[in-house]
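# Commentary on secondary and tertiary structure
Here is how the chains run, residue by residue.
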Amino acid sequence: MTRKSRLIVVPPQHLGHELHVGRSIVCDMFKGGFISSELGDVIITGLSDRKFFYEGFFDPTRVMDFSQLPGLQNPIRPPKTLDEYLNIESDFFLKFPIFENFQIINLKDYAAPQTYCTLTTSDEMREIGYNIPPRYYDEEFKKISKNFNFISKNEVETIVSNSCQLFIVIHHRYGSSIDALLKICAKFPIEVLKIVFTSNAPELSLQLNGTQNISVIDNLRTYATLLQDERCKLLISEWSGGGQISQYTLGPHGVVWYYYDHYPDVFNFTMTHKIWELNATLGNYFNCWDFKCPSGCRIQHFSNLDSLIRWPG
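Below you will find a few notes about this structure. (Residues numbered from 1 in each chain as written. Predicted model: local features only at pLDDT ≥ 70, side-chain atom pairs only at ≥ 80, totals over all residues. Heavy atoms only, no water.)

A separate point is the side chain of His273. Here His273 shows up in helix α12 (residues 269-279). When sequence neighbours within four positions are dropped, the list of residues in contact with His273 reads Phe291, Ile299, Gln300 and His301. (Helix = DSSP H or I, 4+ residues; strand = E, 2+ residues; numbered from the N terminus. Contact = heavy atoms within 4.5 Å.)

Further remarks concern the sheet that holds strand β2 (residues 42-45). Strand pairing in a sheet relies on backbone hydrogen bonds. The paired strands run either parallel or antiparallel. An order of β3-β2-β1-β4 is seen for the four strands of this open sheet, with the pairing classed as parallel. The open sheet is flanked by β3 (63-65) and β4 (103-106), the only strands paired with a single partner. In this sheet, neighbouring strand axes are inclined to one another by 20° on average, regardless of whether the strands run parallel or antiparallel. (Pairing = 2+ DSSP bridges. Axes fitted to C-alpha atoms, helices over the stretch in contact; angles between N-to-C directions.)

Another aspect to go through is unusual backbone geometry. Even without being a glycine, Asn213 presents a positive backbone phi close to 60°. As for its placement among the helices and strands, Asn213 is situated in the loop between α8 (201-207) and β7 (214-217). On the accessibility criterion, Asn213 (31% relative accessible area) is partly exposed. Phi at Cys288 takes a positive value of approximately 50°, unusual for a residue other than glycine. Following the sequence through the fold, Cys288 ends up in the loop between α12 and β10 (298-302). (Buried < 20%, exposed > 50% of the residue type's maximum accessible area, 1.4 Å probe, protein only.)

What follows is about the environment of Gly242. With respect to the helices and strands, Gly242 occurs in helix α10 (residues 241-244). For Gly242, a relative accessible area of 8% translates into the label buried. Remark: the alpha-carbon pair of Gly242 and Leu107, spanning 135 residues in sequence, is separated by 21 Å. Beyond its immediate chain neighbours, meaning those up to four positions away, Gly242 contacts Leu15, His171, Tyr223 and Ser237.

Laid out in structure tokens, this is it:
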């Protein structure tokens, strides 16, 4: 029987969920040869700024996002609550002429994983012969999962001069106070370039007007690329998906300092994170999914922002 082209659907979801769960499924399918651009397969992700997640290891011409689907009535935006998630069934995609003869593998049921994750292989996965592996973490998976479509060196130079020897990055999560950001910046000498990644760059830039040696960006692809730059020695972030992209991009040249604010450290990760990081490499990719760290960056957790600020390191 002739193999149909396959459409892998990764719906709009929280950044950390897509990075650690949906994208891990796609990476593992690619590793096993279950999806291939040469066979006409397509990956469609919910949000346009996440296409670069897949364009590093899959033909970019075979990567799409939901905004390219004509007639989709729902607004395409990052959901902030589970009520805002789009629950679009697979039949919806067959209505588009481009996909009418495709086999759909819809990852919507994996878009909002719970802390105690007991997700299993879906019927659509089984139909293509794919099963969630009992062990997923090997050198090939790490290589694929670290492969993104980063911006060029010339584009990087427009943000960080080639003469800059080192810089740090701060992820300023939406809803966080400007006072918290200023406390973090004040911990470091003025001479150190501080690049702030945030979703509200214009507003934050105005608030930081006059603060020396700080650059504000809001492009996710640019942010991921700067983390990969070997001159980036430190990322400071609340524990969230915005920081966790470093676990795929930062690498052994850098360190992550996570602190807890919006999400309290109810599991005492400050003391136990090394155990969770190890457990994330055992079993399937749903095991301790937040703690995958293929990039090899070093990670330290702080129970709150004040403990980070007081830390002498």
